[in-house]
Every structure is written in structure tokens, then in C-alpha cells.
Amino acid sequence: MPRSSTRPRTWPTAAAITAGFVALLWVVEAWDQWTPAVLDDDGIRPRSTEGLLGIVLAPLLHGSWGHLEANTPLVALLLFLVLLGDVRRGLAVTGVIWLVAGLGTWLVASPGTVHVGASGLVFGWLVYLVLRGWFAQRLGQVLLGALLFLAYGGLLWGVLPGQPGISWQGHLFGAVGGLVAARRLATRDERGSRSPTPYGS
């Protein structure tokens, strides 16, 4: 089927998933703020058995309304762009970043800390979008990646230790997850070297 004929069906799905995910983040934070529940305690607790659940939950949790408000615009923009070309691949990319960011933070962050927030996903999506065109050898994606790097590349300094209270480990391993996703998923499908598969296996 021609590529152009699939686009009208792709962007509404990408937009709906993005809107649903952003809404979920706000619902979770409202629950955390307005009920006795302390959901942030379920974030990533490095090298503790109970902290393993945080690998799954941490991107859905935020320390405050301000934390969530700061993440929301980039979550919406970058997730939509990741899903836009191929929703299945975009979900697979997100899964890779989610796992690598969470597991890496669990393994290397300081004991006695709790890590929450969608920033790891943001860093991973950004790195994926910046790099996928080079791996897939697609000019349009290279140009989009260059534009995103010019606009938001300064955020990548956040992978370095610095500001207290900021999970640079989550940023770093989110970025690593984005690199892994770009290398494994963009090359195998978009360059046509193998049969399409959203999981790059």
C-alpha cells in the first residue's frame, strides 16, 4: 500500500495515544495530590527488591504539579512524533526506553533515593528522534532530528550529575534507551534490510 495512503490513519491514532498518556499522567498526579495515597513512594528505589516495581511505575509519577507541568509539553510533542510514522514501532521504542531508563537507574543510582517522573522517556524520545534518521538513512528524519537537536539539544546536558534533586541517572539511561531503540528498530525496518517487526528481533 502506498505510504501516503496510511498517513490519515496514523496521525489520529498517534494523537489519541499521546493525549491518553498525558491525561493518565495528570490523573495519577491528581490522585496522588488529592488522596491520602503517597504514590511517589512507588518510584524507583535503587537496588531494592520493592524498588523494582518503580521501573514500571516511575514514569507515571511526579513529585509535584510543577514537575508534571514542566514535563508535559515535551512528553506530548515527542511522543506524538515517535508514534507518527509507525504506531507499533513507536510503542516498541517507548517500551525499550522505559525499560532501559528504569533498569539503569535502579542499578546505578544512590541507595536511599526514590526516582520518579517521565523525564527519562523525554530524553529517550529526543535521542531516538535525533538519531533514527542516521541509522535509517532517511533524509526527512535526519532533518527533523537536526531541528529537534537545535531546539532541545541543550536538555541533553541533563545526563550529567549536577542539580540536586534531579535524577540525572534517569536522564542518562533514558538517552541510552533512545540510542538503543534508534539502532535496533530504525535500521531493521526503515532501511528495509529485514522483514518489518516492531520489536527489532
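Residues numbered from 1 in each chain as written. Predicted model: local features only at pLDDT ≥ 70, side-chain atom pairs only at ≥ 80, totals over all residues. Heavy atoms only, no water.

Engineer: What is the right way to look at the overall build of the chain in this model?
Structural biologist: A tally of helices and strands in the chain yields 7 helices and 0 strands. Each helix and strand of the chain, placed in order from N terminus to C terminus, yields the pattern α-α-α-α-α-α-α. Counting across all 201 residues of the chain, residues that qualify as buried make up 45%. Within the chain, contacts between residues separated by at least 24 positions form 75% of all contacts whose residues are at least 6 apart in sequence. For the chain, the exposed surface amounts to about 10400 Å²; the carbon and sulfur share of it is 68%. (Helix = DSSP H or I, 4+ residues; strand = E, 2+ residues; numbered from the N terminus. Buried < 20%, exposed > 50% of the residue type's maximum accessible area, 1.4 Å probe, protein only. Contact = heavy atoms within 4.5 Å. Areas by Shrake-Rupley, 256 points an atom, 1.4 Å probe, with all protein chains shown as cover.)

Engineer: For this particular structure, what's the right way to read the pattern of salt bridges?
Structural biologist: Pairs can form between side chains of opposite charge whenever their charged atoms are close. All told, the structure shown has 2 salt bridges when counted by the stated rule. Across the salt bridge formed by Arg45 and Asp41, the nearest N and O atoms sit 3.8 Å from each other. With relative accessibility at 27%, the residue Arg45 sits in the partly exposed group. A relative accessible area of 40% means that Asp41 is categorised as partly exposed. A salt bridge links Asp86 to Arg89; its shortest N-O distance comes to 3.8 Å. Relative accessible area serves as the criterion here: at 9%, Arg89 is assigned to the buried category. (Salt bridge = Lys/Arg side-chain N within 4 Å of Asp/Glu carboxyl O.)

Engineer: What am I meant to see in the confidence of the model for the chain here?
Structural biologist: Of the residues in the chain, 89% reach a pLDDT of 70 or more, and the chain-wide mean stands at 87. The low-confidence segment residues 1-7 (pLDDT under 50) makes 4 contacts with residues lying over four places distant or belonging to another chain. In this model residues 188-201 is a low-confidence stretch, pLDDT under 50, and it forms 28 contacts with partners more than four residues away in sequence or in other chains. (pLDDT = per-residue confidence, 0-100.)

Engineer: How should I be thinking about the packing of helix H3 (residues 65-84) against helix H5 (residues 119-136) in this particular structure?
Structural biologist: Two measures define how a pair of helices packs: the angle their axes make with one another and the distance between the axes. Contact pair H3 / H5: the axes reach a minimum separation of 9 Å and the direction vectors enclose 35 degrees. The way H3 lies across H5 gives a crossing that is left-handed. In this structure, H3 uses His67, Asn71, Leu74, Val75, Leu78, Leu79, Leu81 and Val82 to contact H5, whose residues at the interface are Ser119, Val122, Trp125, Leu126, Tyr128, Leu129 and Arg132. Of the residues belonging to the contact of H3 with H5, the class tally is 11 nonpolar, 3 polar and 1 charged. (Axes fitted to C-alpha atoms, helices over the stretch in contact; angles between N-to-C directions. Left-handed = near helix turned anticlockwise from the far one by under 90°. Nonpolar A, V, L, I, M, F, W, Y, C, P; charged D, E, K, R; others polar.)

Engineer: Would you mind showing me how to read the layout of surface pockets here?
Structural biologist: Gaps between atoms show up when a probe of the same size as a water molecule is rolled over them. Taken as a whole, the largest pocket spans an internal volume of roughly 630 Å³. Along its surface, the largest pocket is lined by 31 residues, and His67, Val116, Ser119, Ser167 and His171 are the ones closest to its centre. Tallied by class, the residues present in the lining of the largest pocket amount to 15 nonpolar, 16 polar and no charged. (1 Å grid on protein atoms, 1.4 Å probe; cavity = no way out; pocket = protein on both sides within 12 Å on 5 of 7 lines; lining within 4 Å. Points joined across faces, edges and corners; volume = space filled by probe spheres on them.)

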